[in-house]
Amino acid sequence: MNRRTWTLLTSVVLVVAFGLLGAFVPVPFVALGPGPTYDTLGTDGDKPVIEVDGRQTFPTAGHLNMTTVSVTDRLSLFGALGMWASGRYALAPREVYFPPSKSEQEVEQENAQAFDASQNSAETAALRYLGYPMQVEVGQTIQGGPAENVLQPGDQLISANGKSVTDPQSLKAALSGTKPGDRVEIRFSRDGGPEQVANIQLGTYPDSDEMQGFLGVSPTQQPDVPFDIKIHLADVGGPSAGLMFSLAIVDKLTPGDLNGGKFVAGTGEIDAAGTVGPIGGIQFKMVKAREAGATTFLVPAENCAEAKAEAPEGLGLAKVHTIEDATKALEALRRNQAPASC
C-alpha cells in the first residue's frame, strides 16, 4: 500500500476509535436538568399524595406543585456534550453527587432518609402553624451517652431536672448549671403509657469544651394530635419538597382554597419551626413548573437572586422565609393581588 492509502486507513481507524470512545466510554460528569413535578394536592397512582386519617379534611382546588431536579448518570462523551448543547441541562462533576467514598446504594439511602425527614418536618411545621399542641420526644440517644440504655427514641420528655420540657431548647435550658457527674431526674412517657421517672448521671460533652452536664439525647418536637398524616410519593429523594408538603397539609386541614384555585409551584426545605431553607437547582425546577402550567413559584429567600436571573417568562416569583410568608403569598394570590416578590 502506498503512503496515501496508509494515511487514509489510519484516519479511518482514528475516527472509528474516537467514535467508539465518544459513544461508549463514560465521562466523570452527571447532567442536571428539569425533573418531574408533582401536585401535592393531587394523587400519586391511586392514592392521595397527602392523606389525613382520623381528621376531617376540606376540598382543595388549583395546584401546589413540588418540583425536582433530574440527575442523569453514566454519560458518554457524546451524550454529555449533546445534553449540554441542548441548553436544557448543565454538567456537574459526578463526585459531587456520587462521592467515591460511598456506594450508589448508600447515596440513594441518604436521599431517601432526607426525604423522610423532610416529611416529618413538613408535618410538624404545618400543625404548629395551625396551632396544634406539640410534645418533645427523644429523636435518638447518643451511643455511649448517659441516657443510652434508659431512654428510647420516641419517648415523650415531660420534665428534666425539675423543669418542664416544652421544646427542644428547653431541655438544654433545664440542664443549665449542671456539671458532669450530677444526677438529674428525667420524667418521661413511653408508648402513651404512664409517666416514668429515671435518675441519670450526666456525662461530659464529647469533643467539646462545654462545661454543662451531658445527657446524650437529641430531642425532636412532634405534633400531639389524635390523627395521622401520610405522604405517598415514590421514587423521590432529598429534602426540598418540605415547604410544598406543609402547605398542602395546611390546605387540606382548613376550609377554603389556600391558593384561590391558582396553579402554584415551589420548592424549599422546611424545619419543624417553619423556617424555609435554600435548595439547589432552582433554575431547572422553575422551567418544569412553568411547562406544567404554573404561574407563581414560591422561592426560598436565599435563592431569590438566582431565581430572578433564571425565571422563565410568565412565571411570577414569591419570596418566602417561613411558612407564614408562604401562606401570606397564597392569600394574596387568592385575592388577585401580587405577593411579596424576589
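Per chain, the residues get numbers from 1 upward, laid out in the order the sequence is written. It should be noted that, the model being predicted, local features are given only for residues of pLDDT at least 70 and side-chain atom pairs only at 80 or more, the latter also being counted only at that level, while totals for whole chains, interfaces and linings use all residues. Derived side-chain values reflect all non-hydrogen atoms in the structure, with water molecules and hydrogen atoms excluded from consideration.

Novice: Please explain the pairing of strand E5 (residues 63–72) as it appears in this structure.
Specialist: The side chains of a regular strand alternate, first on one face of the sheet and then on the other. As paired strands, strand E1 (residues 29–39) and E5 are joined by seven bridges and run antiparallel to one another. Paired with Thr37 across the two strands is Thr67, which belongs to E5. Sheet topology places E5 next to strand E14 (residues 263–266); four bridges connect them, and they run parallel. Along E14, the bridge assignment pairs His63 with Phe263. Following DSSP output, two strands are said to pair if at least two bridges run between them. To qualify as a helix, a DSSP run of H or I must reach at least 4 residues; to qualify as a strand, a run of E must reach at least 2; elements of each kind are numbered from the N terminus.

Novice: What should I look at first to understand the state of the cysteines in this one?
Specialist: In protein structure, a disulfide is the covalent linkage between the sulfur atoms of two cysteines. For this text, the term disulfide refers to a pair of cysteine sulfurs within 2.5 Å. For the structure on display, the rule yields one disulfide. Through a disulfide, Cys304 is tied to Cys342; the S-S separation comes to 1.9 Å. Judged by the torsion about the S-S bond (-65°), the Cys304/Cys342 disulfide is left-handed. Here the residue Cys304 occupies a position in helix H8 (residues 304–310), and Cys342 occupies one in the segment after helix H9 (323–334), the gap between them amounting to 38 residues. Judged by its relative accessible area of 6%, Cys304 falls in the buried class. Residue burial is assigned from relative accessible area. The probe radius is 1.4 Å, only protein chains are included, and a residue is buried under 20% of its type maximum, exposed over 50%, and partly exposed in between.

Novice: What's the story with the side chain of Thr178 in this structure? I'm lost.
Specialist: Within the secondary structure layout, Thr178 lies in the loop between helix H5 (168–174) and strand E10 (183–189). Apart from the residues within four sequence positions on either side, Thr178 is in contact with Asn161, Val184, Leu202, Met211, Gln212 and Gly213. Note on contacts: a residue pair qualifies if any of its non-hydrogen atoms lie within 4.5 Å across the two residues.

Novice: How do you make sense of helix H6 (residues 242–253) when you look at a structure like this?
Specialist: Since the α-helix advances by 3.6 residues per turn, residues separated by three or four positions end up pointing in the same direction. The span expected for a helix works out to 1.5 Å for each residue beyond the first. The first and last C-alpha atoms of H6 sit 17 Å apart over twelve residues, in line with the 16 Å expected at 1.5 Å per residue. Of all twelve residues in H6, twelve are buried, a share of seventy percent or more. Turning to H6, its buried residues are Gly242, Leu243, Met244, Phe245, Ser246, Leu247, Ala248, Ile249, Val250, Asp251, Lys252 and Leu253.

Novice: What should I look at first to understand helix H4 (residues 104–129) in this one?
Specialist: With 26 residues, H4 extends 37 Å between its outermost C-alpha atoms, agreeing within 8% with the 38 Å of an ideal straight helix rising 1.5 Å per residue. After H4 finishes, the residue Gly131 shows a positive phi value of roughly 90°.

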